[in-house]
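# Examining the three-dimensional arrangement
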Amino acid sequence: MMKPKAFVLYPNQWEPLSCLSDEQLGRLFRHIFTWLNDGSLDLQKEEQLVESDILLAFRFMRMQINIDIKKYQQLCDKRKEAANKRWESHSKNANASFAMHKKENEIENEIENEIEKEKEKENEKESSCAAVGISEPVANAEEAAAADSFYEKAEKEWMPWFNRLLDGYESQIPRLRMMTKPRAERLRELLEKYGRDVVAETFRKAAGSQFLNGRGTKNKFIAKFDWIIDEKHFLDILEGNFNG
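No experiment lies behind these values; they were computed from the predicted model shown. (Residues numbered from 1 in each chain as written. Predicted model: local features only at pLDDT ≥ 70, side-chain atom pairs only at ≥ 80, totals over all residues. Heavy atoms only, no water.)

Attention shifts here to helix α7 (residues 181-194). Between its first and last C-alpha atoms α7 spans 20 Å; for 14 residues at 1.5 Å apiece the expected length is 20 Å, and the two agree. Of the residues making up α7, those classed as buried are R183, A184, L187, L190 and L191. Viewed along the axis of α7, the buried residues span an arc of 125 degrees, placing them on a single side of the element. More than 90 degrees from the buried face of α7, the exposed residues found are K181, P182, E192 and K193. (Helix = DSSP H or I, 4+ residues; strand = E, 2+ residues; numbered from the N terminus. Expected span 1.5 Å × (residues − 1). Buried < 20%, exposed > 50% of the residue type's maximum accessible area, 1.4 Å probe, protein only. Arc of directions from axis to C-beta.)

This next bit is on the side chain of R183. Mapped onto the fold, R183 is located in helix α7. Look at R183 and you get buried, because its relative accessible area is 18%. Engagement of the side chain of R183 in a polar contact is seen with the backbone oxygen of M178, the distance being 2.6 Å. The residues touching R183, leaving out its near neighbours within four places in the chain, are L176, M178, F225, D226 and I229. (Polar contact = N/O pair within 3.5 Å; in protein donor to acceptor, adjacent residues only side chain to side chain. Contact = heavy atoms within 4.5 Å.)

Taken as a whole and judged by the stated rule, the model has 15 salt bridges. D226 is the salt-bridge partner of R183, the closest N and O atoms lying 2.8 Å from each other. Taken together, the residues span a long stretch of sequence, with R183 in helix α7 and D226 in helix α9 (residues 225-228) at a distance of 43 residues. In this structure, R188 and E192 form a salt bridge, with 2.7 Å as the shortest nitrogen-oxygen distance. (Salt bridge = Lys/Arg side-chain N within 4 Å of Asp/Glu carboxyl O.)

Along the chain, the position of Q13 falls in the segment before α1 (14-17). Take Q13: its relative accessible area is 5%, and that puts it in the buried class. Between the alpha carbons of Q13 and Q64 there is a distance of 9.5 Å; along the sequence they are 51 residues apart. Filtering out sequence-adjacent residues up to four positions away, Q13 remains in contact with V8, F60, M61 and Q64.

With respect to the helices and strands, the residue I173 is situated in the loop between α6 (137-168) and α7. Looking at I173, the relative accessible area reads 0%, which means it is buried. As a C-alpha pair, I173 and A223 span 50 residues in sequence and 5.8 Å in three-dimensional space.

The subject of this paragraph is the confidence of the model for the chain. Per-residue pLDDT for the chain has a mean of 80; in total, 72% of the residues score no lower than 70. Of all the helices and strands in the chain, helix α5 (residues 94-132) carries the lowest mean pLDDT, 59, while α9 carries the highest, 96. Throughout residues 132-139 the model reports pLDDT below 50, and contacts reaching past four residues in sequence, or to other chains, amount to 6 contacts. (pLDDT = per-residue confidence, 0-100.)

Moving on: the nonpolar core. By size, the foremost hydrophobic cluster in this structure holds 27 residues, and its most contacted members are F162, M179, L187, V199, F203, F225 and I228. Residue assignment for this core shows that the elements contributing at least two residues are α6, α7, α8 (196-208), α9 and α10 (231-238). Apart from the residues lying within four places of it in its own chain, the contact partners of I228 are F162, I173, F203, A206, A223, H233, F234 and I237. Counting residues in each nonpolar core, the second largest holds 15 residues, with L28, I54, F58 and I69 among its members. (Core = buried A, V, L, I, M, F, W, Y, C linked by side-chain atoms within 4.5 Å.)

Quick look at the packing of aromatic side chains now. Applying the stated criterion across every chain, the model contains 12 aromatic pairs. Geometrically, the ring pair formed by W161 and F203 is tilted, given 6.4 Å between the ring centres and 40 degrees between the ring planes. Of this pair, W161 sits in helix α6 while F203 is found in helix α8, placing the two residues 42 residues apart along the sequence. Looking at F203, the relative accessible area reads 1%, which means it is buried. The positively charged end of K181 is found above the aromatic ring belonging to Y151, 5.7 Å away from the centroid. (Phe/Tyr/Trp six-rings, centres within 6.5 Å; stacked < 30°, edge-to-face > 60°. Lys NZ or Arg CZ within 6 Å of the ring centre and 35° of its normal.)

To continue, consider the packing of α8 against α10. Between α8 and α10, whose axes approach to 9 Å, the crossing angle comes to 75 degrees. Compared by their axis directions, α8 and α10 come out roughly perpendicular. Between α8, through V198, V199, E201, T202, K205 and A206, and α10, the contact on the second element is made entirely by F234, I237 and L238. Looking at the contact of α8 with α10 residue by residue, the classes come out as 6 nonpolar, 1 polar and 2 charged. (Axes fitted to C-alpha atoms, helices over the stretch in contact; angles between N-to-C directions. Parallel < 35°, antiparallel > 145°, perpendicular 65-115°, else oblique. Nonpolar A, V, L, I, M, F, W, Y, C, P; charged D, E, K, R; others polar.)

Given below as structure tokens:
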């Protein structure tokens with residue numbers, strides 16, 4: 001089943017939901033968003049997290065959402081089929097198709113050549129900077145651009161994912177409200193050093209740790225994002241030192 005970009009609320013859904021309190025409605029929609037934002041749409045996993053007093057309401061909402069998803073999938077399939085038919089009609093002329101592919105290959109080769117030339121220029125600049133013993137403004141500008149690019153990725157992808165992860169585990173760790181550049185820089189260093197899978201695994205261990213969520217028998221310590229991405233603490237979490 002495809003992951004939906006949105007879901008629809010219908011006026012006639014209010015009557016069976018009107019008996020729920022504001023607090024129950026809040027928890028219900030939190031579980032709906034968590035379920036839909038999970039790329040796998042794992043219903044069994046989400047129902048294990050849903051509290052018993054809102055489970056029937058969750059199943060009621062989920063049934064309509066699934067119907068809407070299937071309708072949208074059918075619409076997408078029809079559009080795709082129509083597009084394929086149009087493409088087939090345009091591809092009947094073999095000579096035109098051959099010329100088109102030839103042109104595409106020429107463009108790809110030109111792009112690859114330009115990329116190689118740019119890499120050679122960058123290597124020459126780095127060698128020149130190292131020989132003189134200074135950092136030229138151009139080199140600093142390129143490094144700054146790369147840092148800004150990752151900052152946007154951290155803000156738009158990693159921060160929402162981290163917050164959804166905490167919601168899924170019902171973690172006490174504070175949600176991120178802002179991805180600062182120092183935070184993004186520390187995250188980038190961890191990703192470059194340990195890889196995406198290891199960083200994600202460490203965040204999951206932190207979200208599921210009783211100790212780091214203030215549920216220890218003696219210590220009520222609750223970790224924060226900045227504490228987690230400190231490399232020393234990061235390695236302790238990864239190695240399972242806070243699982244007890």
